[in-house]
Each structure stands twice: as C-alpha cells, then as structure tokens.
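In case you want the letters, here they are:
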Amino acid sequence: MSRRALRRLRGEQRGQEPLEPGALQFVLRDDDDAEEEGPKRGPGGRRPGGSGKEGVQVNNRFELINVEDLEDDPVVNGEKSDCVLTDAAVSGNKGRIQRGNPETKREGNVAKAAPLEQESGMEDIDRILERIEDGSGLSRPGPPPLSSRKHVLYVEHRHLNPDTELKRYFGARAVLGEQRPRQRQRVYPKCTWLTTPKSTWPRYSKPGLSMRLLESKKGLSFFAFEHSEEYQQAQHKFLVAVESMEPNNIVVLLQTSPYHVDSLLQLSDACRFQEDQEMARDLIERALYSMECAFHPLFSLTSGACRLDYRRPENRSFYLALYKQMSFLEKRGCPRTALEFCKLILSLEPDEDPLCMLLLVDHLALRARNYEYLIRLFQEWEPHRNLSQLPNFAFSVPLAYFLLSQQPDLPQHERSSAREKASLLVQQALTMFPGVLMPLLEYCSVRPDASVSNHRFFGPDAEISQPPALTQLVSLYLGRSHFLWKEPATMSWLEENVREVLQAVDAGDPAVEACENRRKMLYQRAPRNIHRHVILSEIREAVAALPPDVTTQSVMGFDPLPPLDTIYSYVRPERLSPVSHGNTVALFFRSLLPNYTVE
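Residues numbered from 1 in each chain as written. Predicted model: local features only at pLDDT ≥ 70, side-chain atom pairs only at ≥ 80, totals over all residues. Heavy atoms only, no water.

Quick notes on the overall build of the protein
Piece 1. The helix and strand inventory of the protein stands at 27 helices and seven strands.
Piece 2. When burial is assessed residue by residue, the protein has 45% of its 599 residues classed as buried.
Piece 3. If you take every contact in the protein between residues at least 6 apart in sequence, the share linking residues at least 24 apart comes to 69%.
Piece 4. Accessible surface for the protein amounts to roughly 33,600 Å². Of this, 52% is attributable to carbon and sulfur atoms. (Helix = DSSP H or I, 4+ residues; strand = E, 2+ residues; numbered from the N terminus. Buried < 20%, exposed > 50% of the residue type's maximum accessible area, 1.4 Å probe, protein only. Contact = heavy atoms within 4.5 Å. Areas by Shrake-Rupley, 256 points an atom, 1.4 Å probe, with all protein chains shown as cover.)

Here's what the structure looks like:
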C-alpha cells in the first residue's frame, strides 16, 4: 500500500509533517514512495519514465489541497470520471479484472468510499441506530421476525413526524414556511422524536419526572416512570383541582408546574370541549415533550422491545398522551403518522393491549393506504390472536385485499389473486357477522334489494339477536370506518358477495350454524380495555352501547377506567377535613371552596 493510502486511512493530510529548513520549496510528485530516494529528474524538470506530468512548484503548502484533489480523480475527455463509484467499493473488487496500477485504483476507492457511506447513512438513520443497538451488547427485544423484514411493530422515526407526511402532500416549501421564524427562538435542551418544542412554551426545567429500568428478561426490557417528591406534591394538588371541577385551578397549578403531565392532559380535554382545538393539541404536545425528556437512555421508541406496565399510574399518562396525539394527527389529515403512533402504543404492551389499539390499527392502515401492512399484521397475528373474531379485522382485511386488486401497477395475476382472497374473506365475515351489513348500507346511504333486506339472515333479526358486546364492537367499527366502503366499485363487489352468502345460507351450509353458535359463546361481555377504548374514541353509537355499570362511573380524562389491579408506588395522603357535619356555614363554604378548612 502506498504512503498516500496509509495517510488517508490515518486521516492525515499533506503538509502535516514537521517543517525543515528548505522544505517550503519542493516539487509535487505522484509517487510518494520515491520521496526518500532523493530527486531524480531528467532535463526540463521532468521525471524519466513518468506519466508526462510537469512538476508543480509550490511555495504555499496549502495549495496542495486543490492539486491533490486533481490528482485523485482520473480525467476522461477533460472531465472527472465517476467510474470509481462502482460495485468494487462495496464488494471489495472481487472477481473484477484489475487494469493499470492497482495501487491507484485502491486509492481511488478509499477516497470515494467514505463520502458514499456518509450519504447512505444520512438517508437511513434508522439503520444506523439498529447497528448501534446491536453493537451495544443489549438484547434486542420484540417478537422475532418471520423473515428478514422488520417485525410488524417496528416504528420508524421519520414517520413519527407529521411534517414528513405533510411535505408529501403539499410540498416542503408550504410546510417549512411556518417553521422558519422559529429557528432563531429559544434553544431547548434536547432533540425529541415525538414532538417539536415551540418557542411559545414555558422554559423547560425538569419537573421531577424520570424513568427507570425494572428488569430485562426474554429479550424484553420493562420500564416505569417515576415521580420525585416534588412531582408527587404537584400530583396531589392536581387531584384536588380535579375534584373541584374547576379548570382554572388546573391553570393555576400549571403556572407553577408548567410540565406536569396529568394537568396538561386534563386541561387539553377542557380546551377541546370548548372547541379550542389548537390549544388542546399544543398542551398534548407539551406533555409528550415532558415525558420524552424523562426517557431512560435504554428506552427505545422504535425497537418494539420496551414495555410499560399500564397498571402503574405513572405509565398511563404516556399511553393517553400518545393516544390523544394520534387522534389529533388523524383529524389533521396525517393518517400515516397516526398509524405509526398506533403501532408505538401497541408495542408498549402488545399482549394486554390496555387501550385496545387492535380496534383502530386496521382503520388507520386503510386510511394511510398501507394495505400491505394490514395484511401482514393479520397473517402474522391471526394464529395466536384470532383477529378474525373482531368485526373490524374481519371486514377491513378483505377490503384491503380488494383495494390492492384495484391498483393498476400490480401484475394481472397478483390482482386476480388479491380479488379472490378478498371475496373469500368478506364472505366469511358476512357469515360470521351478518348484523354488520344493514347498518353499513344505511351509513353509506345505499338501499338494499328487497331480497336482501327481507331475508331472515340479513334482516332486522340479525342485528337484534346479536349479543350486546358484539353490538358495541360493530357500532365502533361502523361509526369509524363506514366511509371507506362508499366507493361504487367497492359496493358492487360487496353486493356480489352478499348474494353468494345468501345462496350458501339457503343451501344449508353448516358453516352458518357454526358461526351462530360461536357468536353466542364468544361475545358475552366485553373486557375492560374495550370499554376504555370506546370511551376514548368518543363515537356516540359505541358509547351508547356501553353497559350501565360503566356509564354510571365517573370517568376522568387523565385516567379513564383505571385497571382494577393497579400497582401504586406511592399513596395519596388523606385530606384533612375537620369540618363538622352540623356546622351549616362550614358546609356552605365547603361546597364553594373544596380546599376550605376551618384552619
């Protein structure tokens, strides 16, 4: 290897060697190995047997920078050649015929490989982060992928930023135009992925929120948020303010604790009820920023290996803040970003799924036109999660196959296969959930044929006879996703399959009776996480189907339907209430001022 190649590998440059007397005037040569042999020049200053280049007299050593650049790149027809950026830089020149001086070609590859690697690293930062995590010696949790692809709950950083999606719709200039004035504003302590801090926010100071690693086992890492004593005092004041039913008390608390998460969540709901959507979204983003600043160094948003136990009250705020941010993103017209947030929530506790994100992920995937992801999720999780028993998956997956079959850029055989699969799955869905058809047609303002509406299988009895828990799931799905079926082509395809199902019913297909027995057995009562999801969704038809024991409870926006097996790390102190029940004046002041005491 030549000296030039060695210098480049070491990061050295010409002119870094110590200066000696008479060293400021010398002749630049191509062959550095001949420097120690002394000057051997022919007449006219040319090297004997050289390449024909004239020696360059240099009085300023910094001129060598430009001259060396000219030397490194071969010149073809008066222009620099890019032929060195070939597969040889990656494959190590295996199997290629070396022509000319091998040292020169190796030097060219070394010189070009570094910028090439930097460009590819800038384009895919997620891949770099994966290599860092793999090389750190930490186990990479999460379900192992069935193939070399990323697993189904992998979250991509770039899709957590709604600006990425908005730029695709409206262009970078329209999106970045609003952000330019903010660049010269207040500097925040760290870069975050979930949200971008704003100059209008209060100056950030650590509110006493932190995260610790509980344990690592079976490739998973279990974390928990922690409250310091100062934060616990703010939490107690917040609970008192909530009990007062006065939002202004929460505003007063935020003046002293501007990054108290539960206060931000509760006040965001109050602003949303007052139609102040901008302020409500701003408060949620501030809550996410506060929690992300408290992340443990080993906590990863993207790996799908980090777990947060929803039974711990300190962790619930993160779930709810992510859910509310996801809802705002969907309403803002960023379904792809909302899908990434949905995957993130699901990855925090996929087995228990405390917010029941499986009832929503199909809707977001269809809205984002990410049909392949929905199909892959269904194929990988159906064997152990029975996703086909949920009405939303039973109908959304065949719809995804059908929409794939409508894409003209797919080969004809793939489109035909997708349509056949879609027809088979939608017939199974109609057989399992016949009570979905008539409400769906009513939502889409479609009048069915008399042969369908008067049939005993799809008639009014189908909706009335289904269990209440199933009615709740159907109402949730239709209230959220009915507009996805309004296209004429989709309705025509659905009509064809409805007639196929009616023929199977009239023919006495045993699958019809088996599905009826399964409906009666499986949908006796919905679990608590589904009730929690219905409350958060705020879909009127689904909320109206909630059982009375849920609707009669007091539901708080910062903690709807807390788990019955909650794990408390600290207990709220009992409030001092020395007010006598017989003191009428004291009771009157107590009703006006919940914080009132005789003292």
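Observations regarding the pairing of strand S5 (residues 209–217)
Piece 1. In the sheet, S5 pairs with strand S6 (residues 220–227) via eight bridges, with the strands oriented antiparallel. Across the sheet, the residue bridging to leucine 213 is phenylalanine 223, located in S6. (Pairing = 2+ DSSP bridges.)

A word on the packing of aromatic side chains
Piece 1. This model, assessed by the stated rule, comprises 18 aromatic pairs.
Piece 2. A ring pair is formed by phenylalanine 225 and phenylalanine 295, whose centres lie 6.4 Å apart and whose planes are at 50°; its orientation type is tilted. Taken together, the positions of phenylalanine 225 in strand S6 and phenylalanine 295 in the loop between helix H11 (277–292) and strand S7 (306–308) put the pair 70 residues apart, joining distant regions of the chain.
Piece 3. For phenylalanine 225, a relative accessible area of 3% corresponds to the buried category. (Phe/Tyr/Trp six-rings, centres within 6.5 Å; stacked < 30°, edge-to-face > 60°.)

Description of the sheet that holds S7
Piece 1. If you trace the three strands from one edge of the open sheet to the other, you get S5-S6-S7, paired in mixed fashion. Both outer strands of the open sheet, S5 and S7, are each paired with one neighbouring strand and no more. Taken over all neighbouring pairs, the strand axes of this sheet differ in orientation by 35° on average, direction set aside. (Axes fitted to C-alpha atoms, helices over the stretch in contact; angles between N-to-C directions.)

A word on the pairing of S6
The two faces of the sheet receive side chains in turn, since in a regular strand these alternate between them.
Piece 1. Counting buried positions along S6 gives six out of eight residues, so the element sits mostly inside the fold.
Piece 2. In this structure, S6 lies alongside S7, joined through three bridges in parallel fashion. Note that in S7 the partner of serine 221 across the bridge is cysteine 306.

A short note on the packing of helix H16 (residues 391–405) against helix H22 (residues 488–506)
Piece 1. Close contact between H16 and H22 brings their axes to 11 Å; oriented N to C, the two are set at 120°. With respect to H22, the axis of H16 lies oblique. The handedness of the crossing between H16 and H22 comes out as right-handed. Contact with H16, carried on its side by Pro398, Leu399 and Phe402, involves Ala489, Thr490 and Trp493 of H22 and no other residues of that element.
Piece 2. Residue classes in the contact of H16 with H22 are distributed as five nonpolar, one polar and no charged. (Parallel < 35°, antiparallel > 145°, perpendicular 65-115°, else oblique. Left-handed = near helix turned anticlockwise from the far one by under 90°. Nonpolar A, V, L, I, M, F, W, Y, C, P; charged D, E, K, R; others polar.)

Describing the nonpolar core
Piece 1. Membership of the largest hydrophobic core comes to 127 residues, with the highest contact counts inside it found for Leu194, Phe299, Phe318, Phe393 and Trp485.
Piece 2. Tyr204, Tyr259, Tyr289 and Cys293 belong to the second-largest nonpolar core, a separate cluster that totals five residues. (Core = buried A, V, L, I, M, F, W, Y, C linked by side-chain atoms within 4.5 Å.)

As for helix H9 (residues 247–256)
Piece 1. Those residues of H9 not exposed but buried are Ile250, Leu253 and Leu254. All buried residues of H9 lie within an arc of 100° about the axis, which places them on one face of the element. Exposed positions of H9 whose direction lies more than 90 degrees from the buried face are Gln255 and Thr256.
Piece 2. Along its buried surface, H9 packs onto helix H8 (229–243) and helix H10 (261–273). (Arc of directions from axis to C-beta.)

Describing the confidence of the model for the protein
Do not read the predicted coordinates in detail wherever pLDDT is low.
Piece 1. In this model, the protein carries a mean pLDDT of 78, and residues with pLDDT of at least 70 account for 68%.
Piece 2. In the model, residues 18–56 has pLDDT below 50 throughout and makes 57 contacts with residues more than four positions away in sequence or in other chains.
Piece 3. Under a pLDDT of 50 for its full length, residues 181–185 has, in the predicted model, one contact with residues more than four places off or in other chains. (pLDDT = per-residue confidence, 0-100.)

Things to note about the pattern of salt bridges
Two side chains with opposite charge may pair up if their charged atoms get near one another.
Piece 1. By the definition in use, this model includes 22 salt bridges.
Piece 2. Residues arginine 499 and aspartate 449 are paired through a salt bridge, measuring 2.4 Å at the closest nitrogen-oxygen approach. In this pair, arginine 499 sits in helix H22 while aspartate 449 sits in the loop between helix H18 (437–443) and helix H19 (450–453), placing the two residues 50 residues apart along the sequence.
Piece 3. We classify arginine 499 as partly exposed; its relative accessible area is 35%.
Piece 4. Look at aspartate 449 and you get partly exposed, because its relative accessible area is 35%.
Piece 5. Linking aspartate 549 and arginine 525 is a salt bridge whose minimum nitrogen-to-oxygen distance equals 2.7 Å. (Salt bridge = Lys/Arg side-chain N within 4 Å of Asp/Glu carboxyl O.)

Some remarks on the side chain of threonine 566
Piece 1. Mapped onto the secondary structure, threonine 566 falls in the loop between helix H26 (548–551) and helix H27 (584–592).
Piece 2. Under the relative-accessibility criterion, threonine 566 is labelled buried at 17%.
Piece 3. At 2.8 Å, the side chain of threonine 566 and the side chain of arginine 316 are in polar contact.
Piece 4. At 2.7 Å, the side chain of threonine 566 forms a polar contact with the backbone oxygen of proline 563.
Piece 5. Dropping the residues within four chain positions of it, threonine 566 is found in contact with Arg311, Pro313 and Arg316. (Polar contact = N/O pair within 3.5 Å; in protein donor to acceptor, adjacent residues only side chain to side chain.)

Structural notes on the side chain of asparagine 370
Piece 1. Looking at the element boundaries, asparagine 370 is found in the loop between helix H14 (361–367) and helix H15 (371–385).
Piece 2. Those residues in contact with asparagine 370, other than ones at most four positions away along the chain, are Arg336, Leu339 and Ala365.

With respect to helix H23 (residues 510–522)
An α-helical turn contains 3.6 residues, so any two residues separated by three or four positions project in the same direction.
Piece 1. For H23, spanning 13 residues, the distance from its first C-alpha to its last is 19 Å, which sits close to the expected 18 Å at 1.5 Å a residue.
Piece 2. Of the surrounding secondary structure, the elements contacted by the buried residues of H23 are helix H17 (412–432), helix H21 (468–481) and H22.
Piece 3. At the N-terminal end of H23, a side-chain oxygen is found 3.1 Å from the backbone nitrogen of alanine 511, two or three residues along, and the residue is aspartate 509. (Expected span 1.5 Å × (residues − 1).)

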